[in-house]
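# Architecture at a glance
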Amino acid sequence: MALKAQVLYDFSAEPGNNELSVRQGETVTVIDQDVGGGWIAAQNSRGQRGLVPEGYLQMGGGGDSWSGGGASVSHADGWDGGGASRSQQAVPDDDDDDGEWDDDWDDQSVSSYHGNGQVEEDGGASGRGAHGHSVKISLNKFPFSKGPSPEVFLLSKPPANSRDRLPVYMGEVGPVWLYPTSPLDCVIADPKKESKLYGLKSFIEYQITPNTTNRPVNHRYKHFDWLYERLLEKFGSVLPIPSLPDKQVTGRFEEDFIRMRMERLQAWMTRMCRHPVVSQSEVFQLFLTYKDERDWKLGKRKAEKDEMVGPMMFSLVEPEAAELDAVQVEQRCEQYSRFTKTMEDGVRELLNVGHTHWKRCTGPLPKEYERIGRAFRNLSTVFISSKYPGEETLTDALTAAGKTYEEIAQIVAEQPQKDLHFLLETNSEYKGLLGCFPEIMTVHKAAVDKVKEADRLVSTGKITSSDRKSMSQRISCMSYSLQAEMNHFHSNRIYDYNRVMQFYLQQQVTFYQQIADKLREALSHFATL
């Protein structure tokens, strides 16, 4: 008997990509489950055949939970509007051959800013936007759950390899990371459509050129996703690793979407390059400088077997100064937590205000200018009908004024993409960064609480006095790294907002000057009367 499957979500096939359009609730016949890359060959009731994402199908019929490719998501406790956890996602398992990776699970993550001015609230559902219908399952965000707990680090043996040490120095503002003498940067460009599975599946490949080698390497979006997971697993309890830009199921080959994705990948990579720890890590350097396919796969396997992840990263921290005062550290952590929470509220407010302004600039406001322009033109037509001698100058001037206001309408509609877009993009980035800090602060607090129990653990014989001293030294290392990261965040925040506000206001000045020039030109037609 042929295997049946129920369609869980609408899916629109990309033209010429051997896909099958299906609708939610429809029942299809499974032809081949072993296509690979997260796809299943299916046939609908009309006899049409094609490929459907396996995460869109539930084998054997309905139910309150859904599964695809062996993954299951419950719509009750496992869904919080911020995205499913990694254990809940319908993502194909990655094998050793990264050539089998798929770039087709491209869903929009929640709370994202879109290039068309759309800002989605947390937990909201996406409608049909600039790139078509999208499924709201965030594959980029999941709670930090990998790696050992903080107490394992507090009592573990220090690593023998000193090559990967993370020095922390005392600067004017307190603990700071050691920054490389030559800052790392890269340029993402030249997106090209490639294919696999004998042309059955297509994807976009980007060219990334680091300034250290000036030798380009090629990566798909899925490779960026792999890098994100590795960085999150390795540094997630030490550093904020912001999510990748949005994914999307349909419209992924549209020019506007490719341009927007490349722009956001560039911003994400630039931020990673600017971090003194991430940029110098072996896995990040592999991503930017691998020599060939063999080098990439060997490095990939090595990174996936890395045991120095999570809180164990703190064992690499080498402060140059003495142990920090625990009370002062707690006070600074509380102050920083309050600041990040307040800043997150401010960022959300600016995103909401910007979203509202964007909609007004691209909707009702240009229409108001157009109505004014038409009113002037209509009045000019009325005056012309009087046939009164000598009023041609006035009617021509009124017509020119009407045309001017219609041109202003176009300028107003185009302006958000020139200035507000970059302001919102920066705020969206920082919203993602700020969302990472609670996990980092939680890891630090858990370690602090464990150290506070040390005296009781010594008295009960669970640890020795030597262990107690070692724990104090190690919590100090954690505190140094946390404060170094706080200072890195503040310095970047000042730089980024100073830069983006300068750009925004410069563009606003140009915008209003352009309108003023238009109005002066319209006025000059009346000056001769």
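Going by the structure above, here's the rest.
Residues numbered from 1 in each chain as written. Predicted model: local features only at pLDDT ≥ 70, side-chain atom pairs only at ≥ 80, totals over all residues. Heavy atoms only, no water.

Before going further, it helps to spend a moment on the environment of H525. Relative to the helices and strands, H525 is located in helix α12 (residues 465–527). The exposure class assigned to H525 is partly exposed, which follows from its relative accessible area of 36%. Setting aside anything within four residues of it in sequence, one finds H525 in contact with T393, A397 and A400. (Helix = DSSP H or I, 4+ residues; strand = E, 2+ residues; numbered from the N terminus. Buried < 20%, exposed > 50% of the residue type's maximum accessible area, 1.4 Å probe, protein only. Contact = heavy atoms within 4.5 Å.)

This part takes up the sheet that holds strand β13 (residues 317–319). With respect to topology, three strands assemble into an open sheet ordered β9-β8-β13, the strand pairing being mixed. Only two strands of the sheet have a single partner each, and these edge strands are β9 (174–177) and β13. Along the sheet, successive strands turn relative to each other by an average axial angle of 35°, direction set aside. Taken together, the four bridges between strand β8 (residues 166–171) and β9 define a ladder with antiparallel strand orientation. Within the sheet, the bridge partner assigned to G171 lies in β9 and is G174. (Pairing = 2+ DSSP bridges. Axes fitted to C-alpha atoms, helices over the stretch in contact; angles between N-to-C directions.)

This paragraph deals with the packing of aromatic side chains. Applying the stated criterion to the full structure yields 17 aromatic pairs. Relative to W296, the ring of W226 has its centre 5.3 Å away and its plane inclined at 70°; by these criteria the two rings are edge-to-face. Taken as a pair, W226 in helix α2 (residues 221–235) and W296 in helix α5 (residues 293–304) lie far apart in primary sequence, 70 residues in all. A relative accessible area of 5% places W226 in the buried class. Between the aromatic rings of Y336 and F489, the centroid separation amounts to 6.2 Å while the plane-to-plane angle is 85°, which identifies the pairing as edge-to-face. Remark: F489 occurs in helix α12 and Y336 occurs in helix α6 (residues 326–362); sequence separation between them is 153 residues. Aromatic ring contacts, followed pair by pair, group Y206, F224, W226, F287, Y290 and W296 into a single cluster. The side chain of R220 reaches across the aromatic face of F203, ending 3.9 Å from its centre. Sitting over the face of the ring of Y221, R261 holds its NZ or CZ atom 3.9 Å from the ring centroid. (Phe/Tyr/Trp six-rings, centres within 6.5 Å; stacked < 30°, edge-to-face > 60°. Lys NZ or Arg CZ within 6 Å of the ring centre and 35° of its normal.)

With respect to the element layout, S315 can be found in the loop between α5 and β13. Residues S315 and L166 lie 149 residues apart in sequence; the distance between their C-alpha atoms is 8.9 Å. Among the polar contacts made by the side chain of S315, one reaches the main-chain carbonyl oxygen of M312 at a distance of 2.5 Å. (Polar contact = N/O pair within 3.5 Å; in protein donor to acceptor, adjacent residues only side chain to side chain.)

This part takes up empty space enclosed by the protein. Under the defined criterion, the tally for this structure stands at seven cavities of 30 Å³ or more. Estimates place the volume of the second largest cavity at around 130 Å³. Taken together, P240, R271, M272, H275, Y430, L433, F437, E485, H488, F489 and N492 form the lining of the second largest cavity. Only α3 (255–274), α9 (420–434) and α12 provide two or more residues apiece to the lining of the second largest cavity. With four residues, α12 is the single largest residue contributor to the lining of the second largest cavity. Grouping the amino acids of the lining of the second largest cavity by side-chain chemistry returns six nonpolar, three polar and two charged. (1 Å grid on protein atoms, 1.4 Å probe; cavity = no way out; pocket = protein on both sides within 12 Å on 5 of 7 lines; lining within 4 Å. Points joined across faces, edges and corners; volume = space filled by probe spheres on them. Nonpolar A, V, L, I, M, F, W, Y, C, P; charged D, E, K, R; others polar.)

This part covers the pattern of salt bridges. Side chains carrying opposite charge are able to pair once their charged atoms draw close together. According to the stated counting rule, one finds 23 salt bridges in the structure shown. D225 is the salt-bridge partner of K222, the closest N and O atoms lying 3.7 Å from each other. On the criterion of helical spacing, the pair formed by K222 and D225 is a turn pair, its members being three residues apart in helix α2. Each member of the pair K222 and D225 is classed as buried. The partner of K518 in a salt bridge is E407, and the shortest N-O contact between them spans 2.9 Å. In this pair, K518 is assigned in helix α12 and E407 in helix α8 (residues 392–418), connecting sequence segments 111 residues apart. Salt bridges sharing common partners tie together R271, R274, E429, D496 and R499. (Salt bridge = Lys/Arg side-chain N within 4 Å of Asp/Glu carboxyl O.)

Turning our eyes to something else, we now look at the sheet that holds strand β10 (residues 186–196). Pairing in this open sheet of three strands is antiparallel, and the strands run β10-β11-β12 from one edge to the other. Each having just a single partner strand, β10 and β12 (217–220) make up the two edges of the open sheet. On average, each strand axis in the sheet is tilted by 30° relative to the strand beside it, whichever way the strands run. Bridging between strand β11 (residues 201–210) and β12 involves four bridges; their strand directions are antiparallel. Its bridge partner being in β12, Y206 is matched across the sheet by H219. Helix-sheet contacts for α2 involve β10, β11 and β12, and the interaxial angle to β12 is about 85°.

That's the geometry; what it means functionally is another story.
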